[in-house]
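A closer look at the structure
Residues per chain are reported as follows:
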Amino acid sequence: MKWKTKKRLTSYITEGMLWICSLFVLIPFALVVLTSFKSTAEAGLFELKLPSEWFAAENYKVVWEHGNILTGFINSVIITVPAVAITLCVTALLSFYIARAKTKFAFGVYLYTVLGLAAPICLVTTFQLLKVLHLLNSRLGVILVLIGLQIPFATFIYVGFMKSIPKDLDEAALIDGCTPFQMFIRIILPLLKPVTVTNMLMIFMFVWNNADVTLYFLNKTEMWTMPLMIYNFVGYYDMQWNYIFGCVVLTSLPVFILYLFQQKNIVSGMVSGSVKG
C-alpha cells in the first residue's frame, strides 16, 4: 500500500509540474488570441485579460482584407507543398542507401548530412549562390533553401527507423527478382508510413512557419508567405498589435489543426526514429 501511495503521489507531482511548465506556452498563446480581439489602443497595453469591448469580427475583417492573407496563404501552399514532397522523396532514398550500404562512404555521407542539424545557414554565401544561379527573388530558390535546411533532420529520423527493418525482407525481394529501386518502392516504402507521416508534419510546420528564408531571399512582397503578412500592419511610428496578432492566429491555425490531430504520430515517429537508430 505504501508503494502504491508513493507511486500515486509521484504521479500527481509530475502531472502538476507538467501543468506548471505548460503555462509558459499557454499564457503567451492566450495573450496573442485575446489581443487579436481588442481595440488598437487596448492591444498596445499587452494585458492578459478579456477585452473591455470585443472587436473580433472587425479586426479579422481588416486582417483579411488589408493583410493580403489569401495571397499569403496561396504563396505558403506553393512553397510548402513542393518543399515537403521533394524533401521526403530525397531523404527516403538517401536514408535507404545509408541504412543498407554499411560502407565508410555511406557512413561519411550520413555524418556530413546530419551535421546540418547543428550548422547554421550562411546567409551571405547562400545569397550569392542563388544570385549566381539566377534563383534569387524566386520561389524555386526559396524552396531549394528550405529543402536543404530540412534534409538533415528528415535523414536522421529516416535512417534510425530503417535500421530497425530486417534485411531478410531485402534478400527475399532480390530473390523474387526485384531491382533495388523496386524493392524500395514495393517493400520498404509501405513500412515507412509512420515515420513518413512524422517527417511530413515536422517539415510542414517548419516550412509553413518559416519567415527568415522568405524575407532574406524574396524581395517581392507579392510572393511573401503568411508569416510575413504581419509587416502590413507595422509602421514607422506604431505597431497595430491587434491586427498583427490576428495574422499570427490565422497563420498558426493550419499548423495547430494538423498537430492537434497528428500529435501521436509525431511523437511515436520521432521516438522510433531516434531510439532505434
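As a reminder, the structure under discussion sits directly above these lines.
In what follows, the accompanying structure is described. (Residues numbered from 1 in each chain as written. Predicted model: local features only at pLDDT ≥ 70, side-chain atom pairs only at ≥ 80, totals over all residues. Heavy atoms only, no water.)

A few points about the overall build of the protein chain
- Looking only at helices and strands, one finds 12 helices and zero strands in the protein chain.
- Mapped from its N terminus to its C terminus, the protein chain presents α and β elements in the order α-α-α-α-α-α-α-α-α-α-α-α.
- Considering only C-alpha atoms, the protein chain reaches an extent of 70 × 70 × 30 Å along its principal axes.
- For the protein chain, the proportion of its 277 residues judged to be buried stands at 36%.
- A sequence separation of at least 24 residues applies to 73% of the contacts in the protein chain between residues at least 6 apart.
- Of the roughly 16700 Å² of accessible surface on the protein chain, 71% is carried by carbon and sulfur atoms.
- Considering the protein chain, the positive charge centre built from 20 side chains and the negative charge centre built from 13 side chains are found 15 Å apart. (Helix = DSSP H or I, 4+ residues; strand = E, 2+ residues; numbered from the N terminus. Buried < 20%, exposed > 50% of the residue type's maximum accessible area, 1.4 Å probe, protein only. Contact = heavy atoms within 4.5 Å. Areas by Shrake-Rupley, 256 points an atom, 1.4 Å probe, with all protein chains shown as cover. Lys, Arg positive; Asp, Glu negative; His and termini not counted. Charge placed at Lys NZ, Arg CZ, Asp CG, Glu CD.)

Observations regarding a nonpolar patch on the surface
- Together, Trp-64, Leu-70, Phe-73, Ile-74, Val-77, Ile-78 and Val-81 make up an exposed nonpolar region whose accessible area comes to about 620 Å².
- Take the nonpolar patch: its biggest share by element is six residues, from helix 4 (residues 69-101).
- Tracing the sequence through the fold places Val-81 in helix 4. (Patch = residues over 30% accessible without salt bridge, like charges linked within 9 Å, V, L, I, M, F, W, Y side chains within 5 Å. Salt bridge = Lys/Arg side-chain N within 4 Å of Asp/Glu carboxyl O.)

Considering the side chain of Asn-242
- Locating Asn-242 in the fold gives a position in helix 12 (residues 241-275).
- A polar side-chain atom of Asn-242 sits 3.3 Å from the main-chain carbonyl oxygen of Lys-38.
- Those residues in contact with Asn-242 that lie beyond four places of it in its chain are Thr-35, Ser-36, Lys-38, Ser-39, Thr-40, Ala-43 and Asn-59. (Polar contact = N/O pair within 3.5 Å; in protein donor to acceptor, adjacent residues only side chain to side chain.)

A few points about the side chain of Thr-35
- Turning to its location among the elements, Thr-35 is positioned in helix 1 (residues 2-35).
- A relative accessible area of 0% places Thr-35 in the buried class.
- Those residues in contact with Thr-35 that lie beyond four places of it in its chain are Ala-43, Trp-241, Asn-242 and Phe-245.

A closer look at the nonpolar core
- If you look at the biggest cluster of nonpolar residues, it comprises 54 residues, and the most contacted ones within it are Val-142, Tyr-158, Met-162, Phe-184 and Leu-192.
- Counting only elements with at least two residues in this core, the list comes to helix 3 (56-66), helix 4, helix 7 (139-162), helix 9 (180-191), helix 10 (193-209), helix 11 (212-217) and helix 12.
- For this core, the element with the highest residue contribution is helix 7, accounting for 12 residues. (Core = buried A, V, L, I, M, F, W, Y, C linked by side-chain atoms within 4.5 Å.)

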